[in-house]
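# Chains, contacts and geometry: an overview
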Amino acid sequence: MSRRTVEVTPELLLRAYRVGLFPMAETRRGNRLYWLDPEFRGVLPLDRFHAPRRLLRTVLRGPYEVAVDQDFPAVIAACATAMPGREDTWINRDIERLFGDLHATGFAHSVECREQGVLVGGLYGVSLGGAFFGESMFSTARDASKVALVHLVARLRVGGYRLLDTQFVTSHLQQFGTEEIPRDRYKALLAEAVDEPGRWQADSAEVQAEIQAMAKRDQVES
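Presented here is an overview of the structure given in this document. Sequence order as written defines the numbering, with residues in each chain counted from 1. Predicted model: local features are reported for residues with pLDDT of at least 70 only, side-chain atom pairs are reported and counted for 80 or more only, and whole-chain, interface and lining totals are derived from all residues. Side-chain measures here rest on the full set of heavy atoms in the structure, leaving out hydrogens and waters.

## Some words on the overall build of the protein chain
Keep this limit in mind: Secondary structure is summarised from DSSP: a helix means a run of H or I of at least four residues, a strand means a run of E of at least two, and numbering begins at the N terminus for each. For the radius of gyration, the atoms used are the C-alpha atoms, and the globule rule reads 2.2 Å times the number of residues raised to 0.38. The contact criterion used is simple: two residues touch if any of their non-hydrogen atoms lie within 4.5 Å. Accessible areas in this description were obtained via Shrake-Rupley with a 1.4 Å probe; residue shielding takes into account the shown protein chains only. For the charge count, each Lys or Arg is scored as positive and each Asp or Glu as negative, with His and the chain ends excluded. Charged side chains are reduced to one point each, which is NZ for Lys, CZ for Arg, CG for Asp and CD for Glu.
A count of helices and strands for the protein chain gives 8 helices and 10 strands. Against the 2.2 N^0.38 benchmark of 17 Å for 222 residues, the protein chain shows a C-alpha radius of gyration of 17 Å, consistent with a compact globule. Residue pairs at least 24 apart in sequence account for 75% of intrachain contacts in the protein chain once pairs closer than 6 positions are excluded. Element-wise, carbon and sulfur atoms account for 49% of the exposed surface of the protein chain, whose accessible area totals about 10,900 Å². Each charge class in the protein chain can be summarised by its mean position, and for the 28 positive and 30 negative side chains these summaries are 3 Å apart.

This is the structure:
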């Protein structure tokens, strides 16, 4: 972890992601960004993604309206907001501004869940080649962030992505098959993924078909 010594720009961010670094602030109100290059990295293998059967039933039932990139600023602002059990976050104003700039240039994206038009869950991250770097998620309604994650994985599969980086491994992410791998292994996977094309803009029908395929595979394997 090193202290910022130069101006962090969207261009610098992309160069950092390409070599395996990512920024965080110490607190929501902090004014310094730090570059992280963990010894071990969390990744969610797209070909081994596992969603609990109950969650897949929820996703297919469609209690939420799921969309992408309709209100990126609202998603990152919600991820930065303190909630019960999460009194502070690492997303400060600089992070919001920088990732907003990345979104404006097509490198950052959001998946959004709405209930009767109200944003109740979602996630955001960075897309670079065939790699997607998941940054943060939030939920104010049951399973909303999990539904967003299922839709994200389906979209990445349809789009031919090679790597879903979760940065760290949490108990929440472990249930979906997230693994912790050494830095050298991660960077080898990253180098292969960022030079491959990834197609973020998938038709909603393609994504829905992939989710249905996930549910069918789960039934066969169980």
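Now that the structure has been shown, we can carry on.
## Some details on the side chain of Thr-178
Formally: Any residue under 20% of the maximum accessible area for its type is buried, any over 50% is exposed, and the rest in between are partly exposed; the area is computed with a 1.4 Å probe on protein chains only. In protein, a polar contact means a hydrogen-donor-capable atom and an acceptor-capable atom, both N or O and within 3.5 Å, with residues adjacent in sequence counting only if both atoms are side-chain atoms; elsewhere, any N or O pair within 3.5 Å suffices.
Mapped onto the fold, Thr-178 is located in the loop between α6 (171-174) and β10 (179-182). Here Thr-178 falls in the buried class, since its relative accessible area comes to 9%. Separated by 2.9 Å, the side chain of Thr-178 and the backbone oxygen of Leu-173 make a polar contact.

## So, the sheet that holds strand β6 (residues 108-115)
Convention followed: Two strands make a pair as long as DSSP finds a minimum of two bridges between them. Working convention: axes come from line fits to C-alpha atoms, limited for helices to the stretch in contact. Angles between N-to-C directions cover 0 to 180 degrees.
With respect to topology, 7 strands assemble into an open sheet ordered β5-β6-β7-β8-β9-β4-β10, the strand pairing being mixed. Unpaired on one side and paired on the other, β5 (65-68) and β10 mark the two borders of the sheet. Between one strand and the next, the sheet's axes are offset by a mean angle of 30°, whatever the strand orientation. Across 4 bridges, the pairing between β5 and β6 is antiparallel. Bridging from a neighbouring strand, Ala-67 pairs with Glu-112 of β6.

## Observations concerning the pairing of strand β7 (residues 118-128)
Within β7, 9 of the 11 residues are buried, leaving the element largely enclosed by the surrounding structure. Judged from the 8 bridges that link them, β6 and β7 form a sheet pairing that is antiparallel. Note that in β7 the partner of His-109 across the bridge is Gly-125. Linking β6 to β7, which pair antiparallel, is a turn of 2 residues; within it Gln-116 sits at a positive phi near 50°. One ladder, built from 8 bridges, connects β7 with strand β8 (residues 131-139); its direction is antiparallel. Each bridged residue has a counterpart across the sheet, and for Tyr-124 the counterpart in β8 is Ser-136. Taking the residues that link successive antiparallel strands as the turn, the β7-β8 hairpin has 2 residues, and the phi of Gly-129 there is positive, at about 60°.

## Here's the deal with the pattern of salt bridges
Threshold: Think of a salt bridge as a Lys or Arg side-chain nitrogen and an Asp or Glu carboxyl oxygen that are within 4 Å of each other.
For the structure on display, the rule yields 16 salt bridges. In this structure, Asp-143 engages Arg-54 in a salt bridge whose closest nitrogen and oxygen atoms are separated by 2.8 Å. Highlighted residues: Asp-143 in the loop between β8 and α5 (144-158) and Arg-54 in helix α2 (residues 53-61), separated in sequence by 89 residues. A relative accessible area of 11% places Asp-143 in the buried class. Through salt bridges that share partners, Arg-54, Arg-142, Asp-143 and Lys-146 make up one connected network.

## Some remarks on the state of the cysteines
Cut-off, in case you're wondering: In what follows, a disulfide is any cysteine sulfur pair within 2.5 Å.
Taken as a whole, this structure holds 0 disulfides when the rule is applied. The closest cysteine sulfur to the non-disulfide-bonded Cys-79 is located on Cys-113, 12 Å from its own sulfur.

## As for the layout of surface pockets
To keep things clear, this is the line we draw: Points on a 1 Å grid over protein atoms alone make up a cavity when a 1.4 Å probe fits among them but cannot get out, and a pocket when they form an open set with protein on both sides within 12 Å along at least five of seven lines; lining residues each have an atom within 4 Å of a point. Grid points are joined across faces, edges and corners, and a volume is the space filled by probe spheres set on the points. Under the grouping applied here, Gly and all other residues not named as nonpolar or charged are polar, the nonpolar ones being Ala, Val, Leu, Ile, Met, Phe, Trp, Tyr, Cys and Pro and the charged ones Asp, Glu, Lys and Arg.
One number sums up the size of the second largest pocket: a volume of about 280 Å³. Every residue lining the second largest pocket is counted, 15 residues in all, and those nearest its centre are Val-43, Pro-45, Arg-162, Leu-163 and Leu-189. Elements with a contribution of two residues or more to the lining of the second largest pocket: β9 (163-167), β10 and α7 (183-194). When residues of the lining of the second largest pocket are assigned to their parent elements, the largest contribution, 4 residues, is made by α7. Per-class residue counts for the lining of the second largest pocket are 9 nonpolar, no polar and 6 charged.

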